[in-house]
Amino acid sequence: QVQLVESGGGLVQAGGSLRLSCAASGSIRSINAMRWYRQAPGQQRELVAAIGSGGYTNYADSVKGRFTISRDNAKNTVYLQMNSLKPEDTAVYYCNAGVVVALSRHEYLYWGQGTQVTVSS
């Protein structure tokens with residue numbers, strides 16, 4: 001009914017930059033918060049950044065000042081600009097969105113399939 005598709009991951013050297021995108025499609029009435037999570041091997045999934053429908057943002061301490069989350073409501077897309085990347089940023093990055101589906105008043109959480117980010121030292 002609703003799909004989230006991420007793109008933009010890849011391999012980059014330490015100090016480099018990547019921009020992730022996550023586009024939502026399907027029977028969407030509105031989207032509330034959109035978030036980026038990441039999961040490194042052997043570790044729990046952690047929240048990286050979030051943005052509300054009005055543009056309010058918050059970040060994990062480990063990425064503050066280096067990552068920027070933004071969204072294009074007309075395109076139902078959230079972005080994560082990642083600068084000054086470090087090897088410890090290596091993980092699978094997932095997007096997550098609270099979607100009110102068409103003909104509904106309820107919000108459902110949807111996840112993307114994940115995109116690999118690898119930062120070499």
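See the structure printed just above.
Residues numbered from 1 in each chain as written. Predicted model: local features only at pLDDT ≥ 70, side-chain atom pairs only at ≥ 80, totals over all residues. Heavy atoms only, no water.

### Side note on the nonpolar core
Here comes step 1: Trp36, Leu80, Met82 and Tyr93 are the most contacted members of the largest nonpolar core, which has 32 residues in total.
Here comes step 2: At the level of secondary structure, the elements contributing two or more residues to this core comprise β1 (2-7), β3 (18-26), β4 (28-39), β5 (46-51), β7 (67-72), β8 (77-82), β9 (91-101) and β11 (115-120).
Here comes step 3: Tallying contributions element by element places β9 first for this core, with 6 residues. (Core = buried A, V, L, I, M, F, W, Y, C linked by side-chain atoms within 4.5 Å. Buried < 20%, exposed > 50% of the residue type's maximum accessible area, 1.4 Å probe, protein only. Helix = DSSP H or I, 4+ residues; strand = E, 2+ residues; numbered from the N terminus.)

### Re the environment of Arg105
Here comes step 1: Within the fold, Arg105 resides in the loop between β9 and β10 (107-111).
Here comes step 2: With a relative accessible area of 79%, Arg105 lands in the exposed category.
Here comes step 3: Between the C-alpha atoms of Arg105 and Ala14, which are 91 residues apart in sequence, the distance is 44 Å.
Here comes step 4: Beyond its immediate chain neighbours, meaning those up to four positions away, Arg105 contacts Arg29 and Val100. (Contact = heavy atoms within 4.5 Å.)

### Comments concerning the pattern of salt bridges
A side chain with one charge may pair with a side chain of the opposite charge, provided their charged atoms come close.
Here comes step 1: Per the stated rule, a full pass over the model turns up 4 salt bridges.
Here comes step 2: The partner of Arg38 in a salt bridge is Glu46, and the shortest N-O contact between them spans 2.6 Å.
Here comes step 3: Among the residues examined, Arg38 registers a relative accessible area of 6% and is labelled buried.
Here comes step 4: The closest approach of N and O atoms between Arg66 and Asp89, which form a salt bridge, is 2.8 Å. Taken together, the residues span a long stretch of sequence, with Arg66 in the loop between β6 (57-59) and β7 and Asp89 in the loop between β8 and β9 at a distance of 23 residues.
Here comes step 5: A residue is classified by how much of its surface remains accessible, and Asp89, at 0% relative accessible area, is buried.
Here comes step 6: The structure contains a network of salt bridges with shared partners spanning Arg38, Glu46, Arg66 and Asp89. (Salt bridge = Lys/Arg side-chain N within 4 Å of Asp/Glu carboxyl O.)

### Considering the state of the cysteines
Here comes step 1: Per the counting criterion, the structure on display carries 1 disulfide.
Here comes step 2: Cys22 shares a disulfide with Cys95; S-S distance 1.9 Å. Classification of the bridge connecting Cys22 and Cys95 rests on its S-S torsion, roughly 50 degrees, and on that basis the disulfide is right-handed. Of this pair, Cys22 sits in strand β3 while Cys95 sits in strand β9; the two residues are 73 residues apart in sequence, bridging distant segments of the chain.
Here comes step 3: By relative accessible area, Cys22 is classed as buried at 1%. (Disulfide = S-S within 2.5 Å.)

### Things to note about the sheet that holds β3
Here comes step 1: With antiparallel pairing, 4 strands are arranged side by side in an open sheet as β1-β3-β8-β7. A strand with exactly one partner marks an edge of an open sheet, and here the two such strands are β1 and β7. In this sheet, neighbouring strand axes are inclined to one another by 15 degrees on average, regardless of whether the strands run parallel or antiparallel.
Here comes step 2: Examined bridge by bridge, β7 and β8 share 6 bridges and lie antiparallel to one another. Counted as the bridge partner of Ile69 is Leu80 from β8. (Pairing = 2+ DSSP bridges. Axes fitted to C-alpha atoms, helices over the stretch in contact; angles between N-to-C directions.)

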